[in-house]
Amino acid sequence: KKRFNEIVGKLRSIEKNIDKYYQHDIQEGGDKNMQINKKTPMIFISHSSDDKPHVELIVSLLKDMGFNQDRVFCSTIPGYGIGLSSDIYDTLLDLFRDHDLYVIFIHSPNYYGSAVGLNEMGAAWVLKSSFCSFLLPGFDYSEVKGVVCSSKIAIKIDGDRRTVQNLINELYDDLAGFFSTTRDTSIV
């Protein structure tokens with residue numbers, strides 16, 4: 001009976017998260033068939049366009065780690081964002097639907113003044129996306145609000161230099177694992 005209850009618990013857990021891995025296709029006969037929905041991994045940078053100078057540096061850091069335009073979406077950086085004549089909201093919807101996202105939140109007063117940014121945060125929370133937070137200079141842990149927990153360790157850009165370097169190396173490890181790639185150990 002104990003083993004049965006364990007199995008039931010595991011099945012309930014799978015059931016709660018099944019839409020993350022499968023999509024329902026309704027055929028003409030009305031039957032629901034499950035098909036594997038393999039989502040490609042993608043880094044999504046959620047930020048305010050007013051913080052573009054800092055975001056450019058973060059995108060450059062990701063590029064140095066080997067994550068190019070095919071793996072990074074950042075709406076304000078040319079080549080990493082929304083294409084000509086594309087609708088921003090449709091593009092965001094497609095990203096959240098079609099990709100397994102690792103979200104990098106760029107926290108600042110500007111971010112919390114951005115309705116789009118806060119909507120992105122909510123969507124990432126609902127989808128249980130992997131994430132990391134950067135706190136821009138002058139922004140403190142106590143100012144983190146919303147569904148992203150302020151007790152989670154973040155990269156505070158104006159923090160202790162050694163700590164920031166260590167956390168960026170940890171981010172690199174996380175991203176390599178997320179993309180199922182091997183980290184280039186020559187990059188520190």
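Refer to the structure above for everything that follows.
Described below are features of the structure shown in this document. (Residues numbered from 1 in each chain as written. Predicted model: local features only at pLDDT ≥ 70, side-chain atom pairs only at ≥ 80, totals over all residues. Heavy atoms only, no water.)

### Observations concerning the packing of helix H3 (residues 88-98) against helix H5 (residues 115-126)
One can describe the packing of H3 onto H5 by two numbers: an axis separation of 11 Å at closest approach and a directional angle of 20°. Put simply, H3 runs roughly parallel to H5. In the crossing of H3 with H5, the sense of the turn from one axis to the other is right-handed. For the pair formed by H3 and H5, the contact residues are Tyr-89, Leu-92 and Phe-96 on the first element and Val-116, Glu-120, Ala-123 and Ala-124 on the second. The residue inventory of the contact of H3 with H5, partitioned by class, reads six nonpolar, no polar and one charged. (Axes fitted to C-alpha atoms, helices over the stretch in contact; angles between N-to-C directions. Helix = DSSP H or I, 4+ residues; strand = E, 2+ residues; numbered from the N terminus. Parallel < 35°, antiparallel > 145°, perpendicular 65-115°, else oblique. Left-handed = near helix turned anticlockwise from the far one by under 90°. Contact = heavy atoms within 4.5 Å. Nonpolar A, V, L, I, M, F, W, Y, C, P; charged D, E, K, R; others polar.)

### Observations regarding unusual backbone geometry
Its identity as a non-glycine residue notwithstanding, Lys-128 has a phi of 55°, on the positive side. Positive phi, close to 55°, is recorded for Ser-180, a residue that is not glycine. Within the secondary structure, Ser-180 sits in the segment after helix H6 (161-178).

### Considering the sheet that holds strand S5 (residues 99-107)
Strand order in the open sheet formed by five strands is S4-S3-S5-S6-S7, and the pairing between neighbours is parallel. Every interior strand has two partners, whereas the edge strands, strand S4 (72-73) and strand S7 (155-156), have only one. One ladder, built from seven bridges, connects strand S3 (residues 40-46) with S5; its direction is parallel. Residue pairing in the sheet places Thr-40 in a bridge with His-99 of S5. H5 contacts S3 and S5 of the sheet and is inclined by roughly 135° relative to S5. Sitting on the sheet, H6 is in contact with S3, S5, strand S6 (130-135) and S7, with an inclination near 165° to S5. (Pairing = 2+ DSSP bridges.)

### As for the packing of aromatic side chains
Under the definition given, this model contains nine aromatic pairs. Here Phe-105 and Phe-131 contribute two aromatic rings whose centre-to-centre distance is 5.6 Å and whose plane-to-plane angle is 65°, an arrangement assigned as edge-to-face. Here the residue Phe-105 occupies a position in strand S5, and Phe-131 occupies one in strand S6, the gap between them amounting to 26 residues. Measuring from ring centre to ring centre gives 5.8 Å for Tyr-112 and Phe-139, while their planes differ by 10°; the resulting arrangement is stacked. Here Phe-139 lies in the loop between S6 and S7 and Tyr-112 lies in helix H4 (residues 109-112), a separation of 27 residues in the sequence. The rings of Phe-67, Tyr-102, Tyr-172, Phe-178 and Phe-179 are connected pair by pair, giving a single aromatic cluster. (Phe/Tyr/Trp six-rings, centres within 6.5 Å; stacked < 30°, edge-to-face > 60°.)

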